[in-house]
Amino acid sequence: MKLGVFELTDCGGCALNFLFLYERLFDVLEFYEIEEFHMATSLEGKHFDVGLVTGTVSSHRDLEVLREARNRSDYLIALGTCATHGCLQASVELPLKEKLKAVYGDEGNPMRALDPKPVVEYVTVDLAIPGCPYDKNELFQALIDIAKGIEPVRPDYPVCLECKLNEYECVLVKKGLPCLGPITLGGCNAACPRSGLGCIGCRGPLPGEVNPAGEFEVLKGLGYDEEYIMRKFKTFARWGP
Amino acid sequence: MIIETREFTRVEGNGKAEIVIEENEVKDVRVKIVEGPRFFELLTLGRDFWDVPDLEARICAICYLSHSVASVLAIERALGVEVPEKTELLRELGLIGELIESHSLHLYLLVAPDLFGYPDAIRLATKHGELVKEGIALKAFGNRIRDLIGGREIHGINVKPGGFGRWPGWEELEAIEREAKALLTVAKRAVRLFSGIGEYGGKAELFVATDGYLTGDSLISNVERNFHYFERIEERPLVYSFAKQSLYSGKPFLVGSLARLLLKAESLTPTAKRLFEENRERLEAGWVSYNNLAQAIELVYALERAGEIAKTLLDKGFEPENVPVEAGDGEGIGYVEAPRGVLVHHYRIAGGKIEYSNIITPTAFNHAMMEGALLWEARNLYGNAPEDELLRRLEETVRAFDPCISCSVHFVRG
Ligand code: SF4
Ligand code: SF4
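What follows concerns the interface of chain A and chain B. Counting residues at the interface gives 59 residues for chain A, matched by 71 residues for chain B. Overall, the association of chain A and chain B removes approximately 5600 Å² of surface from exposure, summing both partners, and the carbon and sulfur fraction of that is 61%. Summed over the shared surface of chain A and chain B, the number is 5 salt bridges. Linking Glu 44 of chain A and Arg 6 of chain B is a salt bridge whose minimum nitrogen-to-oxygen distance equals 2.9 Å. There are 24 residue pairs in polar contact (both at pLDDT 80 or more) connecting chain A and chain B. Elements represented by at least two residues in the side of chain A that touches chain B include exactly helix 1 (13–19), helix 2 (24–31), strand 2 (33–37), strand 4 (56–59), helix 5 (96–104), strand 6 (113–118), helix 9 (191–194) and helix 11 (226–237) of chain A. Top contributing element to the side of chain A that touches chain B by residue count: helix 5 of chain A, with 7 residues. Split into classes, the residues belonging to the side of chain A that touches chain B amount to 32 nonpolar, 15 polar and 12 charged.

What follows is the structure in structure tokens.
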């Protein structure tokens, strides 16, 4: 099978994380041939059985790359919170013109920037794997499943559950830290509570039956002001209670 | 006439170059950073200082910990916080891990294919499997350190103002000391391999680094000591790039491994110092391509230093201890050597909230120098070599800077 990796505007983490599979990368290569992946190879491919797209659409160049990737891939995966929810760069709430002016100092837009948006707002994808970055085991499993013709499983539990399974002390209840674990999609094995710190929501909201309003009240009860909580909710996934 | 390269491959982020030809001569080269803007400083404005390092880390995945540490240092300086030596040592260990992870990625997976004439490390592995495996082993070790100190391989949030969320344990430090020793041989082989690299990319004349080896209170260069970035370095926006360009007293300059070795060789560990001395003459010539060799020597430094730090902490013994940080007012700059060069985080804080923030990344510092190096190569090769060879050489020259393009695109007007 042929694999392509396409990077739009992002931190490079979601592309890099793929290389952090280390030896298991060679297991992936048992099934896939990497035909295009700017960070890792000078080759350029034509058609892909599986395409991975990371990053947000932040310029016309990104949009073209994305459309190409969609047209040339049978199965397209939006990889990482930038691609699935917009992540940090999409959370700055100002008109694009003003943002550009603050950064580059004039009102022109010679590089044809667009307001950063996740790829899922422009094209349909076959699978979305969030996370900033996503969990590399999740991608590994998804790629192997797809190669074997199995539809990949999607996690459907909050980070909170992973804390309980690992028997980590609850940082929300015990330390009063602003932790988004109860309403954030699990799959990272509660990486941040492991360090004794609150989940900052990098995997985006848990779809389905969550209770962001409840979380909002809990945090307010702990003494955090509304604006602070709202910002936390919006940082990675632009959502609210 | 304008020759445009394709988007650079085997570099981090998206960029390309334009070679401007007039009357059959190379007039100019423009490095176009096409990676979109990311608005990081705007993102931090009005935020609680405590949350900021975790967000700033997301500027770059290859060197997230450098961003966390630079951000934390700026905050601590602004709020007048001093941390004990053990905290500083552990942060340095984290940065060392990042150096190992980043340099080995660059040397083995991005540059080595050029040395052997392969399009990538995967194809290189079919012939030189051992070499690629060694690179991967180094990279994994660097990441184990990042996981331990930073909290995750990528974008961990463990480095906080005043200390850490979780402190490393005894056995974990012992393991680091052991593994660092075991991998030293591998790093020494890398130096041998990369000392064979050719001379290209022109010669740099101005070098800038921080005053300490990996963190500092100010900057130094080969013409002066101890200055602040805003006293000498001027940034200007370009119409053809999302990254700005920096000039030092009006001239391009180099940051990164080569600059560090040339300015701070006296701080190297024993084996690294010996290897530096053996290669000193060539490194001092300033060829941009020798940044690769400099990185290989720094791998040796990093492994020796990782062992030293682990040993110091184990010998002295240490208890986890975080310094409390109170919200307040102040201004501070964090200077850190990210693997690819000087990184600056500068904040003004009022009532615990970020009021002003400015970040300059290594690739932005190197941007003007990169154009100079490409111009040199293009002039050298245009008309003397086939176009595909010219383009390949330009890509190799860009690669020698180890640019981190996504890092470079989010400034606030200073
Ligand atoms: S989701 Fe996070 S790790 Fe992935 S590319 Fe975006 S900023 Fe980087
Ligand atoms: S705990 Fe939360 S912030 Fe941390 S990695 Fe998991 S989802 Fe992301």
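Read on for the rest.
All names here are of chain A. Among the residues making up helix 10 (residues 212–221), those that are buried are Pro 212, Glu 215, Phe 216 and Leu 219. Taken down its axis, helix 10 places every buried residue within 105° of arc, on the same side. Elements that come into contact with the buried residues of helix 10 comprise helix 8 (171–175) and helix 11. One or two positions beyond helix 10, positive phi appears at Gly 223, with a value near 100°.

A word on the site of ligand 1. Every residue near ligand 1 is listed here: Asp 10, Cys 11, Gly 13, Cys 14, Gly 80, Thr 81, Cys 82, Gly 131, Cys 132 and Pro 133 of chain A together with Arg 38 and His 155 of chain B. Bordering ligand 1 are residues originating from chains A and B. A molecule is said to occupy a pocket when more than half its atoms come within 2 Å of that pocket's grid points, and by this definition ligand 1 occupies the second largest cavity. Within the residue set of the shell around ligand 1, elements represented by two or more residues are helix 1 and helix 4 (81–85) of chain A. Along the lines of polarity and charge, the residues of the shell around ligand 1 split into 5 nonpolar, 5 polar and 2 charged.

As a further point, take the sheet that holds strand 2 of chain A. Residues and elements named next belong to chain A. The 5 strands lie next to each other as 2-1-3-5-7, forming an open sheet whose pairing is parallel. The outermost strands of the open sheet, each flanked by one partner alone, are strand 2 and strand 7 (127–129). Pairs of neighbouring strands in the sheet enclose a mean axial angle of 20°, with direction left out of account. As defined by bridge partners, strand 3 (residues 48–54) adjoins strand 5 (residues 73–79) across 6 bridges and the pair is classed as parallel. Within strand 5, the residue paired with Phe 48 across the bridge is Ser 73. On top of the sheet, helix 3 (residues 60–72) reaches strand 1 (2–7), strand 2, strand 3 and strand 5; it is set at about 135° to strand 5, its chief contact.

It is worth spelling out the packing of aromatic side chains at this point. All names here are of chain B. One pass over the full model with this rule turns up 15 aromatic pairs over all chains. Note on Tyr 229 and Phe 230: the rings are 5.4 Å apart at their centroids and 80° apart in plane angle, and the pair reads as edge-to-face. For Tyr 229, a relative accessible area of 4% corresponds to the buried category. Taken together, Phe 227, Tyr 248, Phe 253 and Phe 365 form an aromatic cluster joined through their ring pairs.

Applying the stated criterion across every chain yields a total of 5 cavities of 30 Å³ or more. If you add up the space inside the largest cavity, you get close to 140 Å³. Around the largest cavity, the lining is made up of 13 residues, and of these Leu 19 and Leu 25 of chain A together with Leu 109, Ala 121 and Ile 122 of chain B lie nearest the centre. Residue assignment for the lining of the largest cavity shows that the elements contributing at least two residues are helix 2 of chain A together with helix 4 (85–116), helix 5 (121–127) and helix 6 (129–150) of chain B. Within this model, the second largest cavity holds a volume of roughly 100 Å³. Residue assignment for the lining of the second largest cavity shows that the elements contributing at least two residues are helix 1 and helix 4 of chain A. For the lining of the second largest cavity, the per-class residue count stands at 6 nonpolar, 6 polar and 3 charged.

Let us now look at the sheet that holds strand 1 (residues 2–4) of chain B. Within a sheet, adjacent strands bond to each other through the backbone by hydrogen bonds, running parallel or antiparallel. Residues and elements named next belong to chain B. Here 3 strands make up an open sheet; going across it, the order is 1-2-3 and the pairing antiparallel. Across the chains shown, the open sheet's two edge strands, defined by having one partner strand only, are strand 1 and strand 3 (25–33). Strand-to-strand, the axes of this sheet are offset by a mean angle of 20°, without reference to chain direction. As defined by bridge partners, strand 1 adjoins strand 2 (residues 15–22) across 3 bridges and the pair is classed as antiparallel. Residue pairing across strands places Ile 2 opposite Val 20, the latter belonging to strand 2. This element, helix 12 (residues 362–381), spans strand 2 and strand 3 of the sheet and lies at about 145° to strand 3.

Calculation notes
Residues numbered from 1 in each chain as written. Chains lettered and ligands numbered in written order. Predicted model: local features only at pLDDT ≥ 70, side-chain atom pairs only at ≥ 80, totals over all residues. Heavy atoms only, no water. Contact = heavy atoms within 4.5 Å. Buried area = accessible area lost by both parts, 1.4 Å probe. Salt bridge = Lys/Arg side-chain N within 4 Å of Asp/Glu carboxyl O. Polar contact = N/O pair within 3.5 Å; in protein donor to acceptor, adjacent residues only side chain to side chain. Helix = DSSP H or I, 4+ residues; strand = E, 2+ residues; numbered from the N terminus. Nonpolar A, V, L, I, M, F, W, Y, C, P; charged D, E, K, R; others polar. Buried < 20%, exposed > 50% of the residue type's maximum accessible area, 1.4 Å probe, protein only. Arc of directions from axis to C-beta. Near = heavy atom within 4 Å. 1 Å grid on protein atoms, 1.4 Å probe; cavity = no way out; pocket = protein on both sides within 12 Å on 5 of 7 lines; lining within 4 Å. Sits in = over half its atoms within 2 Å of the grid points. Pairing = 2+ DSSP bridges. Axes fitted to C-alpha atoms, helices over the stretch in contact; angles between N-to-C directions. Phe/Tyr/Trp six-rings, centres within 6.5 Å; stacked < 30°, edge-to-face > 60°. Points joined across faces, edges and corners; volume = space filled by probe spheres on them.

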